[in-house]
Each structure stands twice: as C-alpha cells, then as structure tokens.
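# Analysis of the macromolecular model
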Amino acid sequence: MSPHAVPAETARELKARLEAERRGTPFLVYRDGEGTQLVRELDAELERLTVGRSQAADVSLAFDPEVSRVHAELERLGEDWTVADDGLSRNGSFVNGERVVGRRRLRDGEALRFGDTLVLFRSPAQAGGEETVPTTDRPDVSHVTDTQRRVLVALCRPFREGSEFASPATNKEVADEVFLSVDAVKANLRALFETFEIGDLPQNQKRIRLAELALRSGVISPRDLER
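Residues numbered from 1 in each chain as written. Predicted model: local features only at pLDDT ≥ 70, side-chain atom pairs only at ≥ 80, totals over all residues. Heavy atoms only, no water.

Taking 1.5 Å of rise per residue, the 13 residues of helix H1 (residues 11-23) would be expected to cover 18 Å, and the 19 Å separating its terminal C-alpha atoms lies within 8% of that figure. Residues Ala11, Glu13, Leu14, Lys15, Arg17, Leu18, Ala20 and Glu21 constitute the buried set of H1. Buried residues belonging to H1 abut strand S1 (27-31), strand S2 (37-41), strand S11 (117-122) and helix H5 (203-217). The first or second residue beyond H1 is Gly24, which carries a positive phi of 85°. (Helix = DSSP H or I, 4+ residues; strand = E, 2+ residues; numbered from the N terminus. Expected span 1.5 Å × (residues − 1). Buried < 20%, exposed > 50% of the residue type's maximum accessible area, 1.4 Å probe, protein only. Contact = heavy atoms within 4.5 Å.)

According to the stated counting rule, one finds zero aromatic pairs in the structure shown. Seen from the ring of Phe94, Arg113 lies directly overhead, with NZ or CZ sitting 4.3 Å from the centre. (Phe/Tyr/Trp six-rings, centres within 6.5 Å; stacked < 30°, edge-to-face > 60°. Lys NZ or Arg CZ within 6 Å of the ring centre and 35° of its normal.)

A word on the nonpolar core. A general feature of soluble globular proteins is that nonpolar side chains tend to end up buried together. With 31 residues, the main nonpolar core has Leu152, Val174, Leu189, Leu192, Phe196, Leu210 and Ile220 as its most contacted residues. Looking at this core, the elements that each hand over two or more residues are H1, helix H2 (146-156), helix H3 (171-178), helix H4 (182-195) and H5. Discounting residues that sit within four places of it in the chain, Leu210 has contacts with Leu152, Leu155, Leu189, Leu192, Phe193, Phe196 and Ile198. Residues Val67, Ala72, Leu74 and Val83 belong to the second largest nonpolar core, which totals 19 residues. (Core = buried A, V, L, I, M, F, W, Y, C linked by side-chain atoms within 4.5 Å.)

The next thing to look at is the side chain of Lys206. Tracing the backbone through its elements, the reader meets Lys206 in helix H5. It turns out Lys206 is buried and unbridged, and the closest side chain with the opposite charge, Glu194, is 6.0 Å from it. A polar contact of 3.1 Å, which involves the side chain of Lys206, links it to the backbone oxygen of Gly199. Setting aside chain neighbours within four positions, we find Lys206 in contact with Phe193, Ile198, Gly199 and Leu201. (Lys, Arg positive; Asp, Glu negative; His and termini not counted. Salt bridge = Lys/Arg side-chain N within 4 Å of Asp/Glu carboxyl O. Polar contact = N/O pair within 3.5 Å; in protein donor to acceptor, adjacent residues only side chain to side chain.)

At Phe179, a position not held by glycine, the phi torsion is positive, near 60°. Tracing the chain through its elements places Phe179 in the loop between H3 and H4. Note on Phe179: relative accessible area 74%, which makes it exposed. A positive phi angle, close to 60°, is found at Glu197, a residue other than glycine.

A separate point is the pairing of strand S6 (residues 80-84). When you tally the buried positions in S6, you get four out of five residues, the bulk of the element. Where strand S5 (residues 72-77) folds back on S6, the antiparallel hairpin that results is connected by two residues, among which Gly78 adopts a positive phi of roughly 65°. Direction of pairing for S6 relative to strand S9 (residues 103-105): antiparallel, over a ladder of three bridges. By the bridge assignment for S9, Thr82 is matched with Arg105. (Pairing = 2+ DSSP bridges.)

A few words now on the sheet that holds S2. Read across the open sheet, the six strands follow the order S2-S1-S11-S10-S7-S8; overall the sheet is antiparallel. A single partner strand is all that each edge strand has here, and the edge strands are S2 and strand S8 (98-99). For strand S7 (residues 93-95) and S8, the ladder comprises two bridges, and the chain directions are antiparallel. Within S8, the residue paired with Phe94 across the bridge is Arg99. In this fold H1 packs onto S1, S2 and S11, with an angle of close to 10° to the strand it touches most, S2. (Axes fitted to C-alpha atoms, helices over the stretch in contact; angles between N-to-C directions.)

Structural data, given as structure tokens:
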C-alpha cells in the first residue's frame, strides 16, 4: 500500500499538513465520513490512544461500520509510536497492507487501515533519520533534472507564506520565474507527473498532488521556497 494513500486534494489540506510537519510532532491524517481531512497531532503528553467506532475512542471512526467498537491502540514507546490490535478488532488492523499481529512500530509515512478507513502516520522527526520508509515505497526521484527541480520550486512557491488560500503557481507564473516558455513548463510538468507516479490522476488534482509529494519527498524543502 502506498504511503500516499491519504493524499491532500486541496491547497488548504496541504497547508494543514505542512503546518503539522513544521511543528515536528507525530500526527495522523485521515478522512471522516464526509471526506473531510482530519489531522490529529500526537502531542508530547499523550502516551496511548484508542481507535474504534465508539464515540468515546480517542480516534473515533464512528462513520465506518467495518471498524470494531474498540479496534486498536496506538501507544508511545520511548520516541516511537506503535500500533497494537491484539485481537481487539473483528476485521483486523493493517500497516502498508500487512495485518498487524501483536504490536508493530510505526515509521514515518506508513499507511494504516482500520476497517475501510485509511490513516496516514507522519513522524517528521524520523523523516531525515535512519528509520524512514523504504525507498521502494516512494517515487524514484533520482532522475529529476535541475530544470525540473526549478519548475517544482516555482510551482510550490505560493505555499511559502502559508496562506490557506494558496494554490500551486500557474504555468505562466512558473514560466516567468524559471525563464522558460509555457510549453516547456507543461512538458516538464508532464515528465514530473510520471516521475511522481500521478499521471493517471484527474487533471485538476495533479498539480496539488505534485506539490505535496515534492515537499514530502524532500526534493523541495520549505527553505527552497524562501530563496
């Protein structure tokens, strides 16, 4: 299962994720029954959270009939978070498509599934360390050219100020910044859509998804947007 199984679909959603990343605490991203993105930060004082269909659960998935009343637990062990099912649920809990047996340590970018609900686990402090998601779970960005990287920086530039109304730069704005023609910008974007494995997405989702993945993968950093 892809670690991008709960992708941002709007500029506001991407802004909420970037703000959580900057604060540095682990957090969960999932959608409620109406499709609204929810970001649940795992603050330092938290030691354990329950996941379940019960309204009393810390992470309540009351909208998902496939989730058990008490489905799973998330627990902090030292600097890491773990997920445990231990027979609590009827349908099981999964991490990256693998059923959880006992307790499993979570790594940045892993996708959890409880019932029919996907939950993305983020731990920004892990992102640059040794405990990262295997490279096979991420797009291969080793062939991003210098020109494509400049296009990505220009595309993401509007997110520099953190406005919830920001959206990726237009082709014309990118072209003006990187001194390319609009057609050349479009060609580079098409190549980037394929590199980041989002070529099959609807056209109106590709640009925001590309901005999200460029920032998450480290190809573009928030510091790049300040230059």
